[in-house]
Amino acid sequence: MKVYLDNAATTPLDERVLAKMKPYFSLEYANASAIHFMGQKNNLVLASARLRVAKVLHAEPGGIVFTSGASEANNFILRGVMAANRDKGNHLIVSAIEHPCVYQTAKNLKAEGYEVDFAPIKSGGLVDLEALAKMIKPTTVLVSIMAVNNEIGVIQDLKKIAALIHKKGAYFHSDIVQAIPWLKIDLDKMGIDLASLSAHKFYGPKGVGLAYGRKGIKIKALIAGGEQENGLRAGTYNLPGIVGLTEALELAYKEREKNIKKIKQLRDYLAAKIKKDIPSIKINGSLKARTPNNLNVMFHGIEGEAILMDLSLKGICVSTGSACSAHNLKTSYVLQALGLSLNDLNSNIRFSLGKYNTKAEIDYTVKCLKETVKRLRSFSPIK
Ligand SMILES: Cc1ncc(COP(=O)(O)O)c(C=O)c1O
C-alpha cells in the first residue's frame, strides 16, 4: 500500500487543474506580453487570472505579482520592502518559527547590515504578542509573521497581530502558504499588508506562486529585466502555471467545507489511534489553534529520521519537518522555539493529510507505526 501523508510539503496536481493548464503549454503558447493577437489573447487570460485570484483573497488585483513560488515571493517582499523604505528605518522583525525562506532571508539581511529581531513564541506555538509589542519601534519597517506554521500547523491570531503592528506604524507581512484553504482569507479585513502563497500546496502546479502588496507600499524588484508585473518581477509570464494557480485556488475554496470535514475527521482519528496504541508520545503545538491537516508527534526515545525511513520502506510518506530541511539533519528551530527538551528535539514526525487520503490508509499507517516504534525503542539507549 502507498500512503502519502506529506501534503504540507506538496500536494498532487488536481486532474481538473491540469486540464485547464494544458492548452497553455501547447495551443496557446504565445508570450502574454506580445502585442500580436495571440499575445493579446493570452494577456486577457492573465488579466482575468489576476482578477479571479484577487476575488478569492479579497485583495486589490493590482497588488498581485505572480512569482515562481513562495520562496521567491518571501525573498522579494522582505528584501524589496526593506530596501525601498530606508527613509522610514532599517528594522525588520520576523517570528522565530518562520519558514526557512523568511528566516534565512532575515538572517541574510542582518548580515548585510539591517537591524533584525526574531519574535519569540509561547509553548503552544503562538507568537508572544507582549514581547512582539515591545520589539516594534519607530524605525521598524516590516513585521513578518506566518499565518500557519508548516511544521506544527499552528494558526496565529492574524487580526490581533495586524492591529498591534499597525498601531505602532509598521507594515504586516504574512506568509499564508499553509493557510490555504483552512483559513478564509480576506487580506483587506485581516489587515494583512503583504502576503505570499504557493500553488503546489493546494493541488496546483509546482513553480508558481504570488506576492501581494497593498497599494502605496514601496517595494523594490528582486528580479530586474523586463517590464512584466509593472516592472516588479521580470521574466516571461508562466501562463500555464498562473492558470493552474487560479483554478486550484478557486477549487480549494469552493470545496473547502467538504475537504475540511473529511481531513479533520481523518486527522483526529489518526491522533486518537496514535495516543491509544503508542505509549510515550506527545503532540507538538496547540491542537486547538491548528489546521485540520496537520499532526506533529514526538515519539520519545527514538530518532524521527529512523521512523521516517522505516515507514518509507513500508510505503508510507511522512516527514520530520520542513521539506526544505529534509536533507540536513539539523534540529528543527521551530520545535526548539516550542521548548521541547534536548532529548526529544529529534524524535518528531509530521503527518500532513490531504483530500485523497482514506481511513484504510490511516489504519495501515498506525499499524506500521506501532511496529516501527516498538522495534526502534527496543534498542534505543534513551528510556
Ligand atoms: C510556510 C511556507 N512558506 C514558504 C514555502 C516555500 O514555498 P515554495 O515551495 O513555493 O517556494 C513553503 C513550502 O514548503 C511553506 O510551507
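Our structure is the block above this text.
One structure accompanies this document, and this report is about it. Not measured: the values here are computed from a predicted model. (Residues numbered from 1 in each chain as written. Predicted model: local features only at pLDDT ≥ 70, side-chain atom pairs only at ≥ 80, totals over all residues. Heavy atoms only, no water.)

1. Thoughts on the site of the ligand
Line of reasoning, step 1. Inspection of the region around the ligand gives 14 residues, with Ser71, Asp175, Gln178, Ser198 and Lys201 positioned closest.
Line of reasoning, step 2. Measuring from an oxygen atom of the ligand, one finds a side-chain N or O atom of Ser71 at 2.7 Å.
Line of reasoning, step 3. In the environment of the ligand, an oxygen atom lies 2.6 Å from a nitrogen or oxygen atom belonging to the side chain of Ser198.
Line of reasoning, step 4. When the ligand is considered free in solution it has 390 Å² of accessible area, and contact with the protein chains removes 89% of it.
Line of reasoning, step 5. Per-element tally for the shell around the ligand: the top contributor is helix H3 (residues 70-84), with three residues. (Near = heavy atom within 4 Å. Polar contact = N/O pair within 3.5 Å; in protein donor to acceptor, adjacent residues only side chain to side chain. Areas by Shrake-Rupley, 256 points an atom, 1.4 Å probe, with all protein chains shown as cover. Helix = DSSP H or I, 4+ residues; strand = E, 2+ residues; numbered from the N terminus.)

2. Re the sheet that holds strand E7 (residues 194-198)
Line of reasoning, step 1. As summarised here, the arrangement of the seven strands in space is E2-E8-E7-E6-E5-E3-E4, forming an open sheet in which the pairing is mixed. Strands at the two margins of the open sheet, each flanked by one partner only, are strand E2 (64-67) and strand E4 (115-119). With strand direction ignored, the average angle separating the axes of adjacent strands in the sheet is 15°.
Line of reasoning, step 2. Summarising the sheet, E7 and strand E8 (residues 209-213) pair through five bridges and their orientation is antiparallel. What sits directly across from Leu194, in E8, is Gly213.
Line of reasoning, step 3. Relative to E7, H3 is tilted by about 160°, and along the sheet it contacts E2, strand E3 (91-95), strand E5 (140-144), strand E6 (171-175), E7 and E8.
Line of reasoning, step 4. Where helix H6 (residues 158-167) meets the sheet, its contacts fall on E5 and E6, and the angle it forms with E6 comes to roughly 150°. (Pairing = 2+ DSSP bridges. Axes fitted to C-alpha atoms, helices over the stretch in contact; angles between N-to-C directions. Contact = heavy atoms within 4.5 Å.)

3. Re empty space enclosed by the protein
One water molecule sets the probe size; rolling that probe over the atoms shows where empty space is left.
Line of reasoning, step 1. Following the criterion strictly, the structure yields one cavity of 30 Å³ or more and no others.
Line of reasoning, step 2. Estimates place the volume of the largest cavity at around 190 Å³.
Line of reasoning, step 3. Around the largest cavity, the lining comprises 23 residues; the ones closest to its centre are Pro181, Trp182, Lys201, Phe202 and Tyr203.
Line of reasoning, step 4. Elements with a minimum of two residues in the lining of the largest cavity: helix H8 (239-254) and helix H9 (256-277).
Line of reasoning, step 5. If one sorts the elements of the lining of the largest cavity by residue count, H8 sits on top with three residues. (1 Å grid on protein atoms, 1.4 Å probe; cavity = no way out; pocket = protein on both sides within 12 Å on 5 of 7 lines; lining within 4 Å. Points joined across faces, edges and corners; volume = space filled by probe spheres on them.)

4. Overview of H9
Line of reasoning, step 1. Given a rise of 1.5 Å per residue, 22 residues ought to cover 32 Å, and the 31 Å separating the end C-alpha atoms of H9 matches this to within 8%.
Line of reasoning, step 2. Taken together, the buried positions of H9 are occupied by Arg256, Asn259, Ile260, Ile263, Leu266, Arg267, Leu270, Ala271 and Ile274. End-on view of H9: buried residues confined to an arc of 145°, all on one side of the axis. Exposed residues on H9 whose side chains face more than 90 degrees from its buried face are Glu257, Lys258, Lys261, Gln265 and Lys276.
Line of reasoning, step 3. Close packing links the buried residues of H9 with H8, strand E9 (281-283), strand E10 (294-299), strand E12 (348-352) and helix H12 (359-378). (Expected span 1.5 Å × (residues − 1). Buried < 20%, exposed > 50% of the residue type's maximum accessible area, 1.4 Å probe, protein only. Arc of directions from axis to C-beta.)

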